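Residue-level listing of the chains:
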Amino acid sequence: MGAKATVSDVSFDDTGVAFSYKSDWELKKAHIIFSIVNHPWVAYLSTGLVKGALYLGLPVAGLIRNTVFQHFCGGESIESAESTILHLGNYGVSTILDYSVEGEKTEEGFDLTTKEVLRTFEKARNRSQIPFCVFKVSGLADVNLLAKVQSGTEVSDHEVAALERVRERIDKICSRAYEYDVPVLIDAEETWMQDVVDNIVYEMMERYNREGVIVYNTIQFYRISSNKKLRDAFHAAAMHNYFLGIKLVRGAYMEKERERAESLGYESPIFPDKDGTDEAFNKALSFCLDNKQRISIMCGSHNEYSNYYLTILMEKHGMAPDDKRVWFAQLYGMSDNISFNLARAGYNVAKYVPYGPVKAVMPYLFRRADENTSVSGQSSRELSLIKKELTRRRLQK
Ligand SMILES: Cc1cc2nc3c(=O)[nH]c(=O)nc-3n(C[C@H](O)[C@H](O)[C@H](O)COP(=O)(O)OP(=O)(O)OC[C@H]3O[C@@H](n4cnc5c(N)ncnc54)[C@H](O)[C@@H]3O)c2cc1C
């Protein structure tokens, strides 16, 4: 189908395509995983048990490795993610290697994370299956320092120097991205540190996005100010003559944001309901395509409507599905119905593929378990798609 696909070719219900890359055994395992996390109290109990077992040093790493880890992660190292990269690539789905070790707190740890991120560029260089690299500023910096700088509190010489080192780490990564011509995505953080991140990222864009988009910032559209942020970023890019790269997401820290706002007594920066977030997200997609001469985007979403809407906008703008200014991305192990069906219709699709030692990526896995409970709504959708495919393969009635 390739570049000639039209939106009518895209259906997110085709589970045959969605799970084509999964063997019967892998599909059955996915069924068990999503059945467990679907029940909030079972999910709560099992994550509690795993946390307890890890704390007590019980040998559960093997069990985790062969179940949830295998479902949501590419491997324990860049090298061991190779088979996942090739496997996804066979279905036209690209990989973004996401080093998912969290909670570094020392300068040494930040330098090691920087080194690891730089290693992902070595892997991605000249590999069409790895079109982007990614990192989180919170992996390269003390989050308390970022928050302190943003709050306007006076900082010591020592802290000024630490912030300068953060800027240097980010610059090192972005300059490598430029040198290797591998664009880099910079994830969005909590609102109380995001301004500091934004300032550095737009400085990088001004430096490296002169000829095309190398650096992408992330905007969370659950923020009431999100579309203003997008317009301001666009105007700054136009004024200073550089290209703008934006990853659009709804935002991962809603509860945390609301709790903090309430406890500190300021107005929540998050839309009060989901409709507000959805509307802001879809409006932004439209704005970006209206300004596609300058803006390139990645739609980081598991929302079927938003992904479908973007295909409609692309068609309206006469853009080929594989126009390099538009990418779709989902997390590995989730929303395969979106990723694989879009890829088959010729769109640019990538999966965030987390990797890292099993124990170190546990916080990431706990978050996936949490967001996949029936309370959050995503799991019932995943589960019903898996059941549909099991029935189609006659593995379940
Ligand atoms: C490739 C990729 C990269 C990502 N990168 C980042 C990142 O850098 N930073 C980051 O923060 N997140 C990131 N995320 C996570 C993302 O922000 C969302 O949490 C997640 O994708 C769920 O949103 P959705 O668009 O997929 O779908 P949906 O399931 O349609 O939306 C769920 C989201 O809607 C919002 N929402 C839900 N209920 C309400 C409510 N009552 N009021 C207001 N808003 C509500 C929340 O943001 C919630 O996460 C990324 C996701 C993907 C797929």
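Data block above holds the structure.
Residues numbered from 1 in each chain as written. Predicted model: local features only at pLDDT ≥ 70, side-chain atom pairs only at ≥ 80, totals over all residues. Heavy atoms only, no water.

(A) Expanded view of the overall build of the protein. If you tally the helices and strands in the protein, you get 16 helices and eight strands. The C-alpha radius of gyration computed for the protein amounts to 21 Å, which stays within 12% of the reference 21 Å derived for 397 residues, consistent with globular compactness. Each principal axis of the C-alpha atoms in the protein carries an extent, and together these give about 65 × 55 × 45 Å. Taking the intrachain contacts of the protein between residues at least 6 apart in sequence as the baseline, contacts between residues at least 24 apart amount to 77%. Surface accessibility of the protein: about 18100 Å² in total, with carbon and sulfur atoms responsible for 54%. Here the protein contributes 49 positive and 53 negative side-chain charges, whose respective centroids are spaced 5 Å apart. (Helix = DSSP H or I, 4+ residues; strand = E, 2+ residues; numbered from the N terminus. Rg over C-alpha atoms; globule rule 2.2 N^0.38 Å. Contact = heavy atoms within 4.5 Å. Areas by Shrake-Rupley, 256 points an atom, 1.4 Å probe, with all protein chains shown as cover. Lys, Arg positive; Asp, Glu negative; His and termini not counted. Charge placed at Lys NZ, Arg CZ, Asp CG, Glu CD.)

(B) Spatial organisation of helix 3 (residues 40-55). If you check helix 3, its first and last C-alpha atoms are 22 Å apart, about what 16 residues at 1.5 Å a residue would give, namely 22 Å. All of the buried residues in helix 3 are A43, T47 and A53. Buried residues in helix 3, looked at end-on, bunch into an arc of 125°, giving them a common side. The exposed residues of helix 3 that point more than 90 degrees off its buried face are W41, Y44, L49 and Y55. Tucked inside the fold, the buried residues of helix 3 contact helix 2 (24-38) and helix 15 (362-371). Once helix 3 ends, the next one or two residues include G57, with phi positive near 75°. (Expected span 1.5 Å × (residues − 1). Buried < 20%, exposed > 50% of the residue type's maximum accessible area, 1.4 Å probe, protein only. Arc of directions from axis to C-beta.)

(C) Region of the structure containing the environment of M254. Mapped onto the elements of the fold, M254 is located in helix 11 (residues 254-264). The class for M254 is partly exposed, based on a relative accessible area of 30%. Sequence spacing of M254 and I214 is 40 residues, and the spatial spacing of their C-alpha atoms is 29 Å. Once you skip the residues sitting within four places of it in the chain, M254 turns out to touch Y222 and I270.

(D) Representation of the packing of aromatic side chains within the structure. Scanning the entire structure with this criterion turns up 12 aromatic pairs. On the numbers, 5.5 Å between centres and 45° between planes, the contact of Y99 with Y355 is tilted. Residue Y99 is found in strand 1 (residues 94-99), and its partner Y355 is found in strand 8 (residues 349-355); the two are separated by 256 residues along the sequence. Y99 sits in the partly exposed class, given a relative accessible area of 23%. (Phe/Tyr/Trp six-rings, centres within 6.5 Å; stacked < 30°, edge-to-face > 60°.)

(E) Representation of the site of the ligand within the structure. Near the ligand lie 25 residues; those nearest to it are G251, T277, S301, H302 and N303. For the ligand, an oxygen atom lies 2.9 Å from a polar atom in the backbone of A188. In this structure, an oxygen atom belonging to the ligand sits 2.9 Å away from a side-chain N or O atom of K274. If the ligand stood free it would expose 930 Å²; the protein chains cover 84% of that surface. (Near = heavy atom within 4 Å. Polar contact = N/O pair within 3.5 Å; in protein donor to acceptor, adjacent residues only side chain to side chain.)

(F) Broad picture of the sheet that holds strand 4 (residues 215-220). One open sheet holds the eight strands; their spatial order is 1-8-7-6-5-4-3-2, and the pairing between them is parallel. At either end of the open sheet lies a strand with only one pairing partner, and these are strand 1 and strand 2 (133-135). With strand direction ignored, the average angle separating the axes of adjacent strands in the sheet is 30°. Direction of pairing for strand 7 (residues 326-331) relative to strand 8: parallel, over a ladder of four bridges. Within strand 8, the residue paired with L331 across the bridge is Y352. (Pairing = 2+ DSSP bridges. Axes fitted to C-alpha atoms, helices over the stretch in contact; angles between N-to-C directions.)

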